[in-house]
Amino acid sequence: MAEPSSPTPGALSPGLHRGKAVLITGGGTGIGRATAVEFARCGADVVIAGRRAEPLKDTVAEIEALGARALAVPTDIRDEEQVAEMVTQTLDRFGRVDVLVNNAGGQFSAPAEDISLKGWRAVHRLAVDGTWAVTHEVATRAMIPQRSGVIFFMAFSPRRGIPSFVHATSARAALENLASGLALEWSKYRIRSICIAPGTIATEGMDANYTEEARAQWASAVPLGRLGTAQDISPTIAFLASPAAGYITGTTVVIDGGADAWGTAHPAPQLKDDE
């Protein structure tokens, strides 16, 4: 398997997002953390939210070491009151929200026949309902009044479905449709909405929960020959939030090393014998 590589640090202008305020859910780890650091490198003020305070604290320290301003707001986006308080603290500190990155989410691996209604609802409550609560709160209290903003949603690649994740992929497909629908409704407020569809991203959680063989199998389905990193995703989000990408809205941007074009690339499961 090829060794992961990352974009060159500082590839984007240090002043690209100076004067902007960026709110990122799930900002303490993984793609959220990398995105927060990337925006800070580009001069933005950054607010990160998540359920665990310690990763948020660590991310704020990393951002402040860059000389940027950051605020951590421990938040469970499934709770409407916590979402409202998160936005209140953001506006009290920075006065506006220019970019919202809806990165928070969670899922578990299970055959479709073993996913209960409770498990299904748990995934959709976080990925869809929670994301909508944040999006609506930010839009109505900040972006619509200021007549500007960029909203990001996070989907999955391959986009045609992933075995053992039908609950999660269906939720992320809803976010793709939400991004395009909001572009139709909120462009009149000069708000852009974009969905990002990362492929399989190497994380500490993946190392802890999956075997080297499983990780190698996923990498073998990627034409570029490796799993992605959080740093493969974050500069693209920062670029798409910039004026240089100001004509991009209502679409899904796939960042997966070619995996969606290739497909699942594994043998189809064998048919079950009649019992």
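Going by an unreviewed UniProt entry, the chain carries the name Peroxisomal trans-2-enoyl-CoA reductase and comes from Mycolicibacterium brisbanense. Here the chain is described in UniProt, under the heading Pathway (unreviewed entry), as follows: "Lipid metabolism." Per UniProt, the comment on the chain under Subunit (unreviewed entry) is "Interacts with PEX5, probably required to target it into peroxisomes."

A.B. asks: I keep staring at the pairing of strand 1 (residues 21-25) and nothing clicks. Help me out?
C.D. replies: For a regular strand, side-chain orientation follows a simple rule: the groups alternate between the two sheet faces. In terms of burial, strand 1 is a largely internal element, 5 of the 5 residues being buried. The alternating pattern of strand 1 places Ala21, Leu23 and Thr25 on one face and Val22 and Ile24 on the opposite face, and all of these are buried. Strand direction decides the pairing type here: strand 1 and strand 2 (residues 45-50), joined by 5 bridges, are parallel. Its bridge partner being in strand 2, Thr25 is matched across the sheet by Ala49.

A.B. asks: Can you help me understand the UniProt feature "domain: Ketoreductase" (unreviewed entry) in the chain in this one?
C.D. replies: On the UniProt side, "domain: Ketoreductase" (unreviewed entry) is annotated at positions that read residues 20-189 here. Split by type, residues 20-189 is 54% helix and 15% strand. Its first and last C-alpha atoms lie 17 Å apart.

A.B. asks: Which parts of the structure should I look at to understand the pattern of salt bridges?
C.D. replies: Working definition: two side chains of opposite charge can pair if their charged atoms are close together. Taken as a whole and judged by the stated rule, the model has 9 salt bridges. Across the salt bridge formed by Glu137 and Arg141, the nearest N and O atoms sit 2.9 Å from each other. Taken together, the residues Glu137 and Arg141, both in helix 4 (residues 117-146) and 4 residues apart, mark about one turn of the helix. With a relative accessible area of 18%, Glu137 lands in the buried category. You can call Arg141 partly exposed: its relative accessible area is 33%.

A.B. asks: Can you help me understand the nonpolar core in this one?
C.D. replies: Soluble globular proteins tend to bury their nonpolar side chains together. Formed by 34 residues in total, the largest nonpolar core has its most connected members in Phe39, Val46, Ile63, Phe152, Ile196 and Ile237. Counting only elements with at least two residues in this core, the list comes to strand 1, helix 1 (30-41), strand 2, helix 2 (53-65), strand 4 (99-102), strand 5 (149-154), strand 6 (191-198) and helix 8 (230-240). Beyond its immediate sequence surroundings of up to four residues, Phe152 is in contact with Val99, Leu100, Val101, Asn102, Ile194, Ile196, Ile237, Leu240 and Ala241. Core analysis: the next-biggest nonpolar cluster, separate from the first, contains 33 residues, Leu71, Leu100, Ile151 and Ala179 among them.

A.B. asks: Sorry, what's going on with the sheet that holds strand 4 here?
C.D. replies: In a beta sheet, neighbouring strands pair by backbone hydrogen bonds and run either parallel or antiparallel. An order of 3-2-1-4-5-6-7 is seen for the 7 strands of this open sheet, with the pairing classed as parallel. Of all strands in the sheet, those bounded by a partner on one side alone are strand 3 (70-74) and strand 7 (251-255). Sheet twist, expressed as the mean angle between neighbouring strand axes with direction ignored, is 20 degrees. Bridge analysis of strand 4 against strand 5 gives 4 bridges, and the strand direction is parallel. Note on strand 5: the bridge partner recorded for Asn102 is Phe153. The strands that helix 5 (residues 166-186) touches are strand 5, strand 6 and strand 7; relative to strand 6, the one it contacts most, it runs at about 160 degrees. Helix 8 contacts strand 4, strand 5, strand 6 and strand 7 of the sheet and is inclined by roughly 165 degrees relative to strand 6.

Reading guide: rules and limits
- Residues numbered from 1 in each chain as written.
- Predicted model: local features only at pLDDT ≥ 70, side-chain atom pairs only at ≥ 80, totals over all residues.
- Heavy atoms only, no water.
- UniProt positions renumbered as here; feature names shortened; annotations may be inferred.
- Buried < 20%, exposed > 50% of the residue type's maximum accessible area, 1.4 Å probe, protein only.
- Helix = DSSP H or I, 4+ residues; strand = E, 2+ residues; numbered from the N terminus.
- Pairing = 2+ DSSP bridges.
- Salt bridge = Lys/Arg side-chain N within 4 Å of Asp/Glu carboxyl O.
- Core = buried A, V, L, I, M, F, W, Y, C linked by side-chain atoms within 4.5 Å.
- Contact = heavy atoms within 4.5 Å.
- Axes fitted to C-alpha atoms, helices over the stretch in contact; angles between N-to-C directions.

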